[in-house]
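Structural description and commentary
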Amino acid sequence: MTETLICKKSELQDGDRRIVAIDKDEVGVFLHQDRYYAYSNTCLHQGGPACEGLIIAKTEELLNDDKTSRGLSFSKDQTNFVCPWHGYEYDLKTGECDSDRRLKLRSYQVIEKAGDLYVVS
Ligand code: FES
């Protein structure tokens, strides 16, 4: 297993991300609600930089009992990052594509050692 230095822990604030090169891949590292998440930066659609776009709450459609729409709302529970090429959205906590949960970015472990953060690959 290889540990690749990301940055000092103090340099990453909640809501931040870093892109690091690992072997022939790039990895996007996120700090979200006091937890670290790391995913391949290669989008499962056409290889765009999946981790480099917007970070936004999932948009949800609110339905009436008869399934007619009451409009759209932002999720309080799910945050997505959006590939900037064509808009594939990935669940920040799982790396799964929001529109097709069978598609999932490769994930990596993030560890802390002596105040530094590393991606394990
Ligand atoms: S390459 Fe990412 S959405 Fe198309």
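Scroll up a little and you will see the structure.
What to know about the side chain of His32
In this fold, His32 is placed in strand S3 (residues 25-32). Note on His32: relative accessible area 11%, which makes it buried. Beyond its immediate sequence surroundings of up to four residues, His32 is in contact with Asp14, Tyr37, Thr79, Leu92 and Lys93.

Some details on the environment of Glu61
Tracing the backbone through its elements, the reader meets Glu61 in strand S5 (residues 55-63). Taking relative accessible area as the criterion, Glu61 reaches 49% and is therefore assigned partly exposed. Residues Glu61 and Gly71, spaced 10 residues apart in sequence, show a C-alpha to C-alpha distance of 5.8 Å. Beyond its immediate chain neighbours, meaning those up to four positions away, Glu61 contacts Ser69, Gly71 and Leu72. At 2.7 Å, the side chain of Glu61 forms a polar contact with the side chain of Ser69.

A look at the sheet that holds strand S1 (residues 3-8)
Pairing in this open sheet of 6 strands is antiparallel, and the strands run S1-S11-S10-S4-S3-S2 from one edge to the other. Unpaired on one side and paired on the other, S1 and strand S2 (17-22) mark the two borders of the sheet. Direction aside, neighbouring strands of the sheet carry axes that sit 30 degrees apart on average. Alignment of S1 against strand S11 (residues 116-120), held across 5 bridges, turns out to be antiparallel.

Conventions and cut-offs
- Residues numbered from 1 in each chain as written.
- Predicted model: local features only at pLDDT ≥ 70, side-chain atom pairs only at ≥ 80, totals over all residues.
- Heavy atoms only, no water.
- Helix = DSSP H or I, 4+ residues; strand = E, 2+ residues; numbered from the N terminus.
- Buried < 20%, exposed > 50% of the residue type's maximum accessible area, 1.4 Å probe, protein only.
- Contact = heavy atoms within 4.5 Å.
- Polar contact = N/O pair within 3.5 Å; in protein donor to acceptor, adjacent residues only side chain to side chain.
- Pairing = 2+ DSSP bridges.
- Axes fitted to C-alpha atoms, helices over the stretch in contact; angles between N-to-C directions.

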